[in-house]
Amino acid sequence: MSSRDLGEWTSQLRRGVLELCILQVLRQGASYGYEIVTTLDALGPLAAGENTVYPLLRRLKVDGVLETFMQDSPAGPPRQYYRLTAAGRQRLSALEKEWSAMVKAVDRCMQKGGAS
Amino acid sequence: MSLEHPLAERYLSRLDEQLKDLAPAERREVVDEIRNHIADATRAGKPLDSVLQALGSADELARGYAVELLLHPRAPSSTGKQRTERFLALTGLVVVGSIPTLVIVVVLASVGVSFFGSGLVVFAAGILASVGWLPNEVRMDVAPIWAILLGPLLVAGGALSLAALVWYVRFLARVVRRVLPAPAR
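First, a word on scope: everything that follows refers to the structure included in this document. (Residues numbered from 1 in each chain as written. Chains lettered and ligands numbered in written order. Predicted model: local features only at pLDDT ≥ 70, side-chain atom pairs only at ≥ 80, totals over all residues. Heavy atoms only, no water.)

Focus on the overall build of chain A
Phase 1: Counting secondary structure elements, chain A contains 4 helices and 3 strands.
Phase 2: Burial analysis of chain A (116 residues in total) assigns 34% to the buried set.
Phase 3: Here the contacts in chain A between residues at least 6 apart in sequence split such that 52% fall between residues at least 24 apart.
Phase 4: Put simply, chain A shows about 6,700 Å² of open surface, and 57% of that area lies on carbon and sulfur atoms. (Helix = DSSP H or I, 4+ residues; strand = E, 2+ residues; numbered from the N terminus. Buried < 20%, exposed > 50% of the residue type's maximum accessible area, 1.4 Å probe, protein only. Contact = heavy atoms within 4.5 Å. Areas by Shrake-Rupley, 256 points an atom, 1.4 Å probe, with all protein chains shown as cover.)

Written out as C-alpha cells, the structure reads:
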C-alpha cells in the first residue's frame, strides 16, 4: 500500500471518529475552538489538525448537534463557545454505541485473521 | 482584537475571500473564529509561522469549510419554528380548502354522473323512437333527432365534469403533499 493510500485511509477513518471525540470533549462542558483543538491534540494521532476540526465544528452546528454562544474572554474579544444540544447528547450516545460495537467487531475480525 | 500582524491579516483576508459562497453571517463567524484561534495560539507562545502552518493554507482551510458546509449538506433536523410553520400551513389549508373542496367534489361528481347517465338514456331513447320501438308509456317531448344529438352532448358534458374532478383531486393531493412533512428517508 503506498503512503498516499494510507494517508487517505487514516484521514477517512479519523474524520468519522473525530465527530465522536468532539462531542465527547464537549460533554464535559462548553468550550471554544482553540481549547477543543488543543484537547484533541493532546490525545495523539486522533488530532486531524485544525483544518479538519474547525470546519467540522461548523458542520455540527448547522446540523443542530452543537450550538454556540458568545462569552467574554479575559484577554481579547468575546469568544464563540460550543456546547451540546439535546440532539447532540442523543447523537453522542448513539455514536458511542455504534463505536463500541464496531471496535468489538474489528477485534474479532483481527483475532480470526491472526488465528488462521 | 486586531492581530495587527500583516502575515495573519493577509491569511484572514485570503480566507474571507475564499469563503464567498457561505452565508455572510456564517462567513463572518468563521473568520472571527480563526482570528481568535491565531490570537490564542500566539498568546500561548507558539510562533505565528507554525500556527499558520498548522492551519494549512487559507485556500485549503476554505476548501475544508466548503466540503463540510456546501458539498454535503445534511438535511437539518426540523426545528420548532419549522414545525409550527407546517402546522399553520396545514391548518390554513383545512380551513380555507375544506368547504370549497366539499362543494367542488359534490357538484362535479353529481353533474358528471347524472349528465353521463342521462345522456346515454336520452341517446338510446332517440334511437328507439326513430325506429318506432319506443314503448307507448314513454312520452317524448322532442323529435327523436334532437334526442340523438343531445344525448352525446350530455355524455360529453358529464365526462368533462368527471375529468375535472380527477384533476382537482390530483391537484389537492399535490398541495397536501407539499404541506405535510417529507417522509423520513
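Some words on the overall build of chain B
Phase 1: Each helix and strand in chain B was counted, giving 6 helices and 0 strands.
Phase 2: Scored against the burial criterion, the 185 residues of chain B give a buried share of 26%.
Phase 3: Partitioning the contacts of chain B with sequence separation of at least 6, the portion at a separation of at least 24 is 67%.
Phase 4: In the structure as shown, chain B presents an accessible area of about 12,400 Å², 68% of it carried by carbon and sulfur atoms.

Considerations on the packing of helix H2 (residues 33-42) of chain A against helix H3 (residues 50-62) of chain A
All names here are of chain A.
Phase 1: With their axes 10 Å apart at the nearest point, H2 and H3 run at an angle of 130° to one another. One element, H2, and the other, H3, form an angle in the oblique class. For the crossing formed where H2 meets H3, the hand is right-handed. Between H2 and H3, the contacting residues are Gly 33, Tyr 34, Ile 36, Val 37 and Leu 40 on the first element and Glu 50, Val 53, Tyr 54 and Leu 57 on the second.
Phase 2: When the residues that make up the contact of H2 with H3 are grouped by side-chain class, the tally is 7 nonpolar, 1 polar and 1 charged. (Axes fitted to C-alpha atoms, helices over the stretch in contact; angles between N-to-C directions. Parallel < 35°, antiparallel > 145°, perpendicular 65-115°, else oblique. Left-handed = near helix turned anticlockwise from the far one by under 90°. Nonpolar A, V, L, I, M, F, W, Y, C, P; charged D, E, K, R; others polar.)

Section: the sheet that holds strand E2 (residues 66-71) of chain A
Phase 1: Ordered in space as E1-E3-E2 (chain A), the 3 strands form an open sheet in which the pairing is antiparallel. Bordering the open sheet on either side are strand E1 (31-32) and E2 of chain A, each of which pairs with just one other strand.
Phase 2: Together, E1 and strand E3 (79-84) of chain A form the strand contacts of helix H2 (residues 24-43) of chain B, whose direction differs from that of E3(A) by roughly 105°. (Pairing = 2+ DSSP bridges.)

Considerations on H2(B)
An α-helical segment advances 3.6 residues per turn. Residues three or four places apart therefore align on the same side.
All names here are of chain B.
Phase 1: In this model, H2 (20 residues) spans 28 Å end to end at C-alpha, consistent with the 28 Å of a helix rising 1.5 Å per residue.
Phase 2: Listing the buried residues of H2 in full gives Glu 26, Val 30, Val 31, Glu 33, Ile 34, Asn 36, His 37, Ile 38, Ala 39, Asp 40 and Ala 41.
Phase 3: Where H2 terminates, the next one or two residues include Gly 45, which has phi positive at roughly 100°. (Expected span 1.5 Å × (residues − 1).)

Quick word on the interface of chain A and chain B
Phase 1: Listed by partner, the interface residues are 24 residues for chain A and 27 residues for chain B.
Phase 2: Between chain A and chain B, a total of about 2,300 Å² is buried, with carbon and sulfur atoms accounting for 46% of that surface.
Phase 3: A per-residue breakdown of the area chain A buries against chain B is headed by Tyr34(A), Arg58(A) and Arg59(A), which together make up 29% of the total.
Phase 4: In this structure, Asp40(B) engages Arg79(A) in a salt bridge whose closest nitrogen and oxygen atoms are separated by 2.6 Å.
Phase 5: Put simply, chain A and chain B have 9 residue pairs in polar contact (both at pLDDT 80 or more) between them.
Phase 6: Mapped by element, the contributors of at least two residues to the side of chain A that touches chain B are helix H1 (3-27), H2, H3 and E3 of chain A.
Phase 7: When residues of the side of chain A that touches chain B are assigned to their parent elements, the largest contribution, 9 residues, is made by H3(A).
Phase 8: For the side of chain A that touches chain B, a count of residues per class yields 11 nonpolar, 4 polar and 9 charged. (Buried area = accessible area lost by both parts, 1.4 Å probe. Salt bridge = Lys/Arg side-chain N within 4 Å of Asp/Glu carboxyl O. Polar contact = N/O pair within 3.5 Å; in protein donor to acceptor, adjacent residues only side chain to side chain.)

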